[in-house]
Amino acid sequence: MIQKYMLSLCFLVYGQVALAQNEHKMSDTYQIPKDSLVRQKLARWQDQKFGLFMHWGTYSQWGVAESWTICPDDWVTRTGPYSSDYFTYKKAYENLQTTFNPVNFNPEKWVRAAKAAGMNYVVFTTKHHDGFSMFDTKQTDYKITDPKTPFSKNPRADITKEIFNAFRKDNFMIGAYFSKPDWHNENYWWPYYPPKDHNVNYDPQRYPERWQKFKDFTYNQIEELMTGYGKIDILWLDGGWVRPSQAKDNDPQHYNQDIDMARIAKMSRGHQPGLIMVDRTVTGEFENYTTPEQEVPDKPLSYPWETCMTIGKYWSYVPDDEFKPSIQLVQTLIKIVSRGGNLLLNIAPGPNGDWNPIAYQRLQDIADWMKINGQGIYGSEPVAPYSAGNIYFTRSKAKRALYAFWLSEKDTVALPPTVSFGVNNIKQLKKVSLLGSAQKLKWRYSNGLLNIQIPGTLQKSAKLKYSGTFVLEY
Ligand code: GLC
């Protein structure tokens, strides 16, 4: 019964992902940060290439989508034992706080797996839209460290702190995901009115004092994260509908939800110099990089960007989630890096505090691939023509070398007798080799076209997976 209940919820929320994408269009109004420390950190971040995203909260106990099932948007439907009406459901959802006890929580295990796979930064949901704080906030008792939450008795109860410390120890850059909307807070969804949709449920212009309280609450929570959790590199702010806009016809979609980002930024950067702010989809001064969601732009973008993507279908833990095959994950990373972006890959911890074992297998496959091919990913930059057919290019920043990733259709690489592609401006090509193979390669370069001959033995037994990566030294 419970299984069926979980699945039906998940299907509907999957539909929501597609819907949400429209809200996450990339910006063409990028503003280069004025603060040189931010620019430096941004440049360092762009070199990280691959990061780990984690959506985790009490919702993992039901195996339903993060937060969205308590949203009254009219595309959301609820099934299962508490679905008779909205308020019964929301109450039961909030009550998940009293049973959340992820005793297998062991962030060091995640660090090891992520590190081996070549991930270099982490972004964690310190608070999602439902308002449950996965850190020890003083602003609310709807939090992981409240006595009502069984896990509060655990020595590692401040989950955010434990995650950040564990990853920082291994030199990961640290990103705090924080939802601006808060569906638990009485000054965002004022209980006097029923919630109408994902927006604030009263007009902030009409009730400025109430809205001010919400602004202060948000400011204070972010300040706690900026002061009590060590060095933070990225403040990843979700819920782009919380933004300044003109009130129009009493329409909640157009309520002016100005949270005073300038004040938040000043405070945050006072504590965390050079902090990267990602006020996603809002555009302008506080969206230091853009975050295409579940999609890879088909060409390089002229500003820093990161694709965020789920390893399965869902952002949150779902018992039988369908994981993407390793070949797809690796090749997605190659495509993104060839276009100058980063990949933030989401893996969701389950209610017991650990990942699905399949996630570890996927990261192990990526790790094996990285051992051979990672040099074409890290320290690289995009280079025209970026790709040609199934071949994707990067250029080393440090040495005179180009990398050409020949993407395989199957897991096992079977190279053709000749690999040909056009390359511009390689005047003195000195050497062509294939990563993971010691065999000498013959090649001819003329009129911009490179023809690499693949010896018969190598065609049959390159022993490579997902891609054959050629290095062109010049
Ligand atoms: C989508 C989901 C949201 C999730 C986000 C991550 O917008 O609706 O719940 O946090 O993706 O990028």
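The preceding data block contains the structure.
Residues numbered from 1 in each chain as written. Predicted model: local features only at pLDDT ≥ 70, side-chain atom pairs only at ≥ 80, totals over all residues. Heavy atoms only, no water.

This brings us to the nonpolar core. Proteins that are soluble and globular tend to have nonpolar side chains buried together. Counting 98 residues, the largest nonpolar core has F167 and W355 as the members making the most contacts within it. Beyond its immediate chain neighbours, meaning those up to four positions away, F167 contacts L52, M54, P107, W110, V111, A114, V122, F172 and I174. Ranked by size, the runner-up nonpolar core spans 25 residues in total, among them V419, F421, L458 and Y474. (Core = buried A, V, L, I, M, F, W, Y, C linked by side-chain atoms within 4.5 Å. Buried < 20%, exposed > 50% of the residue type's maximum accessible area, 1.4 Å probe, protein only. Contact = heavy atoms within 4.5 Å.)

So, on to the packing of aromatic side chains. The relation between two aromatic rings is expressed through the spacing of the ring centres and the mutual angle of the planes. Overall, the coordinates contain 38 aromatic pairs when judged by the stated rule. Ring geometry for Y86 and F87: centres 5.2 Å apart, planes at 90°, overall edge-to-face. With a centroid separation of 6.5 Å and 85° between ring planes, the pair formed by F100 and F132 is classed as edge-to-face. Note that F100 is positioned in the loop between α3 (86-94) and α4 (107-116) and F132 in the loop between β2 (121-127) and α5 (159-169), a separation of 32 residues in sequence. Across the pair, F132 and F100 agree in class, each one buried. Each member of the aromatic cluster is reached from another via a ring pair, and the members are W56, F100, F105, W110, F132, Y142, F151, W355 and Y360. Against the face of Y89 rests R78, its NZ or CZ located 5.7 Å from the ring centre. (Phe/Tyr/Trp six-rings, centres within 6.5 Å; stacked < 30°, edge-to-face > 60°. Helix = DSSP H or I, 4+ residues; strand = E, 2+ residues; numbered from the N terminus. Lys NZ or Arg CZ within 6 Å of the ring centre and 35° of its normal.)

Moving on, we come to unusual backbone geometry. With an omega of 5°, the peptide bond between A384 and P385 qualifies as cis. Positive phi outside glycine occurs at S67, with the angle close to 60°. Relative to the helices and strands, S67 resides in the loop between β1 (50-54) and α3. Judged by relative accessible area, S67 falls into the buried class, the value being 0%.

To continue, consider the state of the cysteines. For the coordinates displayed, the defined rule picks out zero disulfides. The closest cysteine sulfur to the non-disulfide-bonded C308 is located on C71, 19 Å from its own sulfur. (Disulfide = S-S within 2.5 Å.)

For the rest of this paragraph, the subject is empty space enclosed by the protein. Applying the stated rule across the entire model yields four cavities of 30 Å³ or more. In this structure, the largest cavity occupies an estimated 90 Å³ of space. If you go around the largest cavity, the residues you meet are I311, Y314, S316, Y317, V318, D321, F323, N346, I347, A348 and N356. Its residues placed into classes, the lining of the largest cavity shows seven nonpolar, three polar and one charged. (1 Å grid on protein atoms, 1.4 Å probe; cavity = no way out; pocket = protein on both sides within 12 Å on 5 of 7 lines; lining within 4 Å. Points joined across faces, edges and corners; volume = space filled by probe spheres on them. Nonpolar A, V, L, I, M, F, W, Y, C, P; charged D, E, K, R; others polar.)

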